[in-house]
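Here's the letter readout for the chains.
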Amino acid sequence: GLLGPLPHDPPPAPPRRSALASAVLLLAAASADAPRPYGLPLAVASARILRCARSALGGRFAPLLRAEGVLGRARTALELLVDPATEAALGVRLCGEEEGEGLDDPWEGELAEHLPPPPPPPHRSLAASGSSLRPVHEPAGAAASPACTLLLLMLDDMGDMGHGHGGRPAVAAPSASPTALALLGLVCEGGQPAHSTGEAAPMLAALLRLARDRAPLAEIGAELVLAACTHPTAAPAALDALAASAALPPLLAATSELVLPLARSSAADATALLHAAGFRFKIAAAALAAATRPASSPSPEALSDGRWGEQSLEPLLLALLAPPADGPPPHDSPLCSAVAALVQVAAARLGGPSPPLPGIVPSDGGAFAVSEARGDGAVQLLDAAALDAALPGAGAAERRSALRAAVAFNELQQQAHACGHALRGLRDVCVLLGRGCGEIDYSAPRLQASEAAFGWLPSLPPSAAPHLAPPLCECASALLVGLGTAPMLPPAAHLQLLTHCRSALSPASGPAAPTAEARCQVYVAMLCLLRLAAPHGAKSGAAWSHPQQAALRLQAAGLLSRDAAQLVQSVATDARDGTSSLRGAALALLTALLDAEEGGGGGGVEGEPTVASSLCRSPYLANLIAPLSDPSSELNRALFLLLAPAEAPHGRAEAQAAGWELWRHEVSLSLLCRLLVGLAGGGAQAASLFDALAGGGALCHLPAAPFLSLPLCYLSEENALVPVARDGGAADAEAERTAALHARLLSPLLRASSAALLAAKSDPARRHAAGVAAEVVGCDAARRRAMVRLLR
């Protein structure tokens with residue numbers, strides 16, 4: 001031993017490696033050398049082994065890679081495989097290829113037959129669908145690509161780590177360091193966020209810049225970057241690295257160039273690349289949200305200084321809003337061009353007739369319906385295998401026809417879902433642009449994009465409208481909401497936007513009618529436009545004035561008076577029967593329409609119904625207020641729940657629903673009061689409108705409210721501001737809470753009954769209004785005194 005090894009001694013044994021480390025080293029060697037003809041099968045086999053191992057090991061996968069000393073080699077292999085030159089050398093072909101089609105000769109095909117099978121697609125619960133499980137989409141041909149397999153491994157890991165953003169939501173949130181973040185360089189030893197993002201920046205940039213001829217990789221790479229940018233702990237490091245790479249702004253600026261060719265691409269490529277565009281928009285929205293989050297945010301690691309990492313937000317904003325300097329006019333902003341490109345591609349791909357469903361399949365899919373998680377949600381498809389099994393006695397031609405119809409239906413559903421995902425990503429950006437712009441004046445391109453979004457609504461094909469109209473309307477309304485009152489629209493642009501809004505609500509019925517979500521966003525946009533034209537004063541809520549407002553009011557009133565009856569019918573029906581958000585927007589719009597009509601002169605077109613006359617001469621207003629007098633209505637159940645003691649058992653959702661019903665009660669009666677006050681200043685026509693309103697029964701519901709019979713004895717006779725307990729003891733918080741709530745219930749009733757006294761012109765009308773007011777206040781003198789103290 002002192003003299004050294006003897007010549008006949010065997011050489012020292014190399015350190016042993018586990019199968020996991022061997023798979024990593026084999027993948028790294030195959031990726032670096034790309035030997036033909038066996039490099040591709042070796043790389044695919046190694047990647048599949050690693051994905052199966054991560055599925056089995058879970059959170060222990062990354063620590064084992066570190067312990068074996070091969071984590072860096074795995075990261076190097078990933079960088080090489082993402083490079084298109086590596087897969088070209090290996091012979092991978094992804095576009096429209098099935099597994100094995102990228103192999104060049106029979107010997108390679110024989111090797112491929114002995115590859116380990118890919119792991120089954122994971123099933124994860126969708127947050128929006130309760131606990132039901134959805135298979136996660138895996139692109140066609142991904143199993144033949146080692147790069148796709150590695151990226152899917154990382155996405156599996158993100159899903160298991162509690163990340164949820166639609167298609168791959170969380171099931172659990174273990175405390176182990178996720179493999180994906182380790183491979184991206186966003187966490188260091190021990191799983192803590194990395195202090196330097198130098199390794200992560202080029203990798204994130206490469207994932208975003210994947211070319212359109214690698215469609216599956218482009219979708220998976222963008223989804224992985226979004227997962228990192230919205231991760232609970234690694235998001236700041238990921239956003240900082242992405243900002244340092246400067247990869248996102250050029251891609252956003254070139255959205256229209258990347259999207260427009262998809263009108264002629266294959267269905268699979270178009271679907272994947274539209275999803276990639278949606279993910280890129282959502283990444284931009286994540287950057288805007290992080291950079292504009294208030295300093296008081298509960299997330300201490302959040303970027304709250306108005307900057308994107310170490311960079312300014314201005315490159316990102318310029319990429320969306322700055323029109324190109326070259327090219328023929330008009331110079332549309334990239335945001336406006338992106339809206340136009342997405343709608344054109346959707347019209348080209350979805351504009352044809354819908355494929356007929358096989359005869360045994362019901363309209364809703366029935367037992368053949370399956371849900372697949374992809375993009376930002378689930379897409380409803382037909383199970384071709386189940387359909388094939390349900391046709392045991394069918395002939396070959398019939399079976400082939402049914403399966404082809406199912407495949408065509410699934411393709412159309414996938415494309416519609418992808419188009420909707422891209423527009424929903426754009427919507428997320430539009431919602432946050434107002435906060436991101438800050439002091440920079442980008443009002444002109446935002447108005448242009450809003451007008452373009454509304455302008456494309458009438459051209460949507462009927463089959464695509466349910467998928468595209470809601471996010472398109474949300475884009476348009478979000479761009480208007482964020483503008484505030486600083487910019488003033490020229491009268492022509494204001495009229496054009498209002499015209500687009502009215503056109504978006506037509507037709508009111510039929511297959512081309514806008515969905516409830518789309519109508520809600522159109523109502524919000526109309527509210528913004530009408531408030532820009534509102535006169536200065538406390539009644540309108542506007543705290544500013546502009547010389548053009550008079551012109552805006554006149555043209556708005558003229559436009560709305562042309563079909564006021566139809567508009568009031570649509571809005572009032574939604575205010576009564578719509579969802580919570582739709583009812584809220586519709587109620588607010590009805591009040592704004594009354595204000596706009598009064599600001600524009602109130603008369604409208606001679607002989608045509610106005611907003612006020614449509615409300616008075618129709619049952620819409622009475623139907624809105626009718627729940628007030630029905631003891632079994634949702635409104636009264638919610639109000640009595642709110643009046644119950646604070647310790648009464650009820651869930652948070654019930655309390656929120658009750659608060660919404662209270663708000664609706666206040667707004668509905670405020671609308672009635674607003675209408676009556678307007679009639680009080682009118683002449684003979686106003687008197688006939690009041691008679692029609694009273695004859696419709698709207699006022700009769702006011703004194704029939706069940707909560708009017710509740711006792712008011714818990715108020716102090718001496719001091720109205722200090723309510724006392726019902727047992728005569730000291731003042732308590734419960735009595736004070738109940739008193740404040742009772743005041744909120746009674747105030748709108750008293751205002752509406754008082755306004756009815758002012759609006760009544762004839763003696764019969766005055767007697768009717770006086771009777772309503774007397775029943776509301778009550779005949780008991782003690783009750784009247786208590787009511788006065790309560791409202792004081």
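About the criteria used
Residues numbered from 1 in each chain as written. Predicted model: local features only at pLDDT ≥ 70, side-chain atom pairs only at ≥ 80, totals over all residues. Heavy atoms only, no water. Helix = DSSP H or I, 4+ residues; strand = E, 2+ residues; numbered from the N terminus. Contact = heavy atoms within 4.5 Å. Areas by Shrake-Rupley, 256 points an atom, 1.4 Å probe, with all protein chains shown as cover. Buried < 20%, exposed > 50% of the residue type's maximum accessible area, 1.4 Å probe, protein only. Core = buried A, V, L, I, M, F, W, Y, C linked by side-chain atoms within 4.5 Å. Salt bridge = Lys/Arg side-chain N within 4 Å of Asp/Glu carboxyl O. Arc of directions from axis to C-beta. Pairing = 2+ DSSP bridges. pLDDT = per-residue confidence, 0-100. Axes fitted to C-alpha atoms, helices over the stretch in contact; angles between N-to-C directions. Parallel < 35°, antiparallel > 145°, perpendicular 65-115°, else oblique. Left-handed = near helix turned anticlockwise from the far one by under 90°. Nonpolar A, V, L, I, M, F, W, Y, C, P; charged D, E, K, R; others polar.

Novice: Quick one: what's the story with the overall build of the protein, residue by residue and with numbers?
Specialist: Each helix and strand in the protein was counted, giving 33 helices and four strands. In the protein, the proportion of contacts linking residues at least 24 apart, taken out of those at least 6 apart, comes to 72%. As displayed, the protein offers around 33800 Å² of accessible surface, 58% of which is attributable to carbon and sulfur atoms.

Novice: Go over the environment of Tyr-38 with me, naming the residues and quoting the values.
Specialist: Relative to the helices and strands, Tyr-38 is located in the loop between α1 (19–33) and α2 (39–57). Among the residues examined, Tyr-38 registers a relative accessible area of 40% and is labelled partly exposed. Sequence separation of Tyr-38 and Leu-90 is 52 residues, and the distance between their C-alpha atoms is 8.6 Å.

Novice: Kindly report on the nonpolar core, identifying the contributing residues and their values.
Specialist: Grouped together as the largest cluster of nonpolar side chains are 217 residues, with contacts concentrated most on Leu-672, Phe-690 and Leu-702. Among the elements that make up this core, the one with the highest residue count is helix α14 (residues 267–291) (16 residues). Look past the residues within four positions of Phe-690 in its chain and what remains in contact with it is Leu-676, Leu-679, Leu-699, Ala-756, Ala-759, Ala-760, Ala-765 and Ala-769. Of all hydrophobic cores here, the second largest spans nine residues; its members include Leu-382, Leu-387, Ala-394 and Ala-402.

Novice: Report on the pattern of salt bridges, specifying residues and quantitative values.
Specialist: A full pass over the atoms with the stated rule returns eleven salt bridges. For Asp-577, the salt bridge is made with Arg-576, and the minimal N-O distance between the two is 2.7 Å. Linking Asp-595 and Arg-674 is a salt bridge whose minimum nitrogen-to-oxygen distance equals 2.6 Å. Taken together, the residues span a long stretch of sequence, with Asp-595 in helix α25 (residues 580–599) and Arg-674 in helix α29 (residues 652–680) at a distance of 79 residues. We classify Asp-595 as partly exposed; its relative accessible area is 24%. Among the charged side chains, a network of salt bridges with common partners joins Lys-282, Arg-427, Asp-428 and Glu-474.

Novice: Lay out unusual backbone geometry with the relevant residues and their values.
Specialist: Residues other than glycine seldom take positive phi values, yet Ala-246 does so here, at roughly 55 degrees. Structurally, the position occupied by Ala-246 is in the loop between α11 (235–245) and α12 (248–253).

Novice: Quick one: what's the story with helix α3 (residues 61–68), residue by residue and with numbers?
Specialist: Since one α-helical turn is 3.6 residues long, residues separated by three or four positions face the same way. Residues Phe-61, Ala-62, Leu-65 and Arg-66 constitute the buried set of α3. With its buried residues spanning 135 degrees around the axis, α3 presents them on a single face. At its buried positions, α3 is contacted by α1, α2, α4 (71–82) and α8 (179–184). Gly-69 sits one or two positions beyond α3 and adopts a positive phi of about 75 degrees.

Novice: Run through the pairing of strand β4 (residues 377–382), naming residues and quoting values.
Specialist: The pairing of strand β3 (residues 369–374) with β4 spans six bridges and is classified as antiparallel. Bridging from a neighbouring strand, Ala-373 pairs with Ala-378 of β4. The turn joining β3 and β4, which pair antiparallel and follow one another in sequence, is formed by two residues; a positive phi near 65 degrees is taken by Gly-375.

Novice: Can you lay out the confidence of the model for the protein for me, pointing to particular residues and giving the numbers?
Specialist: In this model, the protein carries an average pLDDT of 74, and 73% of its residues clear a pLDDT of 70 or more. Taken element by element, the predicted model of the protein shows its lowest mean pLDDT in helix α6 (residues 106–113) (51) and its highest in α14 (88). The low-confidence segment residues 537–543, where pLDDT is below 50, has eight contacts with residues more than four positions distant or belonging to other chains. Every residue in residues 714–731 scores below 50 in pLDDT, and together they form 30 contacts with partners more than four places removed in sequence or on other chains.

Novice: Break down the packing of helix α16 (residues 334–350) against helix α18 (residues 396–437) for me, with residues and values.
Specialist: Orientation of α16 relative to α18, taken along the N-to-C sense of each, is 165 degrees, at an axis distance of 10 Å. In this view, α16 runs roughly antiparallel relative to α18, as classed from their interaxial angle. As for how α16 packs across α18, the hand of that crossing is left-handed. Where α16 approaches α18, its residues Leu-335, Val-339, Leu-342, Ala-346, Arg-349 and Leu-350 are matched on the opposing element by Leu-412, Gln-415, Ala-416, Cys-419, Ala-422, Leu-423, Leu-426, Cys-430 and Leu-433. The residue makeup of the contact of α16 with α18, split by class, is 13 nonpolar, one polar and one charged.

Novice: Which residues make up the packing of α1 against α2, and what values go with them?
Specialist: Two elements in contact, α1 and α2, have axes whose closest approach is 9 Å; the angle formed by their N-to-C orientations is 145 degrees. In this structure, α1 meets α2 at a crossing whose hand is left-handed. On the side of α1, the interface is formed by Leu-20, Ala-23, Val-24, Leu-26, Leu-27 and Ala-30, while α2 contributes Gly-39, Leu-42, Ala-43, Ser-46, Ala-47, Ile-49, Leu-50, Ala-53 and Leu-57. Here the contact of α1 with α2 is composed, by residue class, of 13 nonpolar, two polar and no charged.

Novice: Can you lay out the environment of Ser-443 for me, pointing to particular residues and giving the numbers?
Specialist: Considering the arrangement of structural elements, one finds Ser-443 in helix α19 (residues 443–456). Ser-443 sits 37 residues away from Leu-480 along the chain, and the two C-alpha atoms are 9.1 Å apart.

Novice: Explain the side chain of Gln-413 to me, and be specific about the residues and the numbers.
Specialist: Topologically, Gln-413 is positioned in helix α18. When its relative accessible area of 19% is taken as the criterion, Gln-413 is described as buried. When sequence neighbours within four positions are dropped, the list of residues in contact with Gln-413 reads Val-379, Gln-380, Leu-381 and His-467.

Novice: Could you give an account of the side chain of Gln-415, naming the residues involved and the relevant values?
Specialist: By the element assignment, Gln-415 lies in helix α18. Judged by its relative accessible area of 7%, Gln-415 is buried.

Novice: Can you lay out the environment of Ala-201 for me, pointing to particular residues and giving the numbers?
Specialist: Along the chain, the position of Ala-201 falls in helix α9 (residues 200–208). Through-space distance from the C-alpha of Ala-201 to that of Leu-184 is 8.7 Å; in sequence the pair is 17 residues apart. Contacts of Ala-201, omitting those with residues within four sequence positions, involve Ala-241 and Ser-245.

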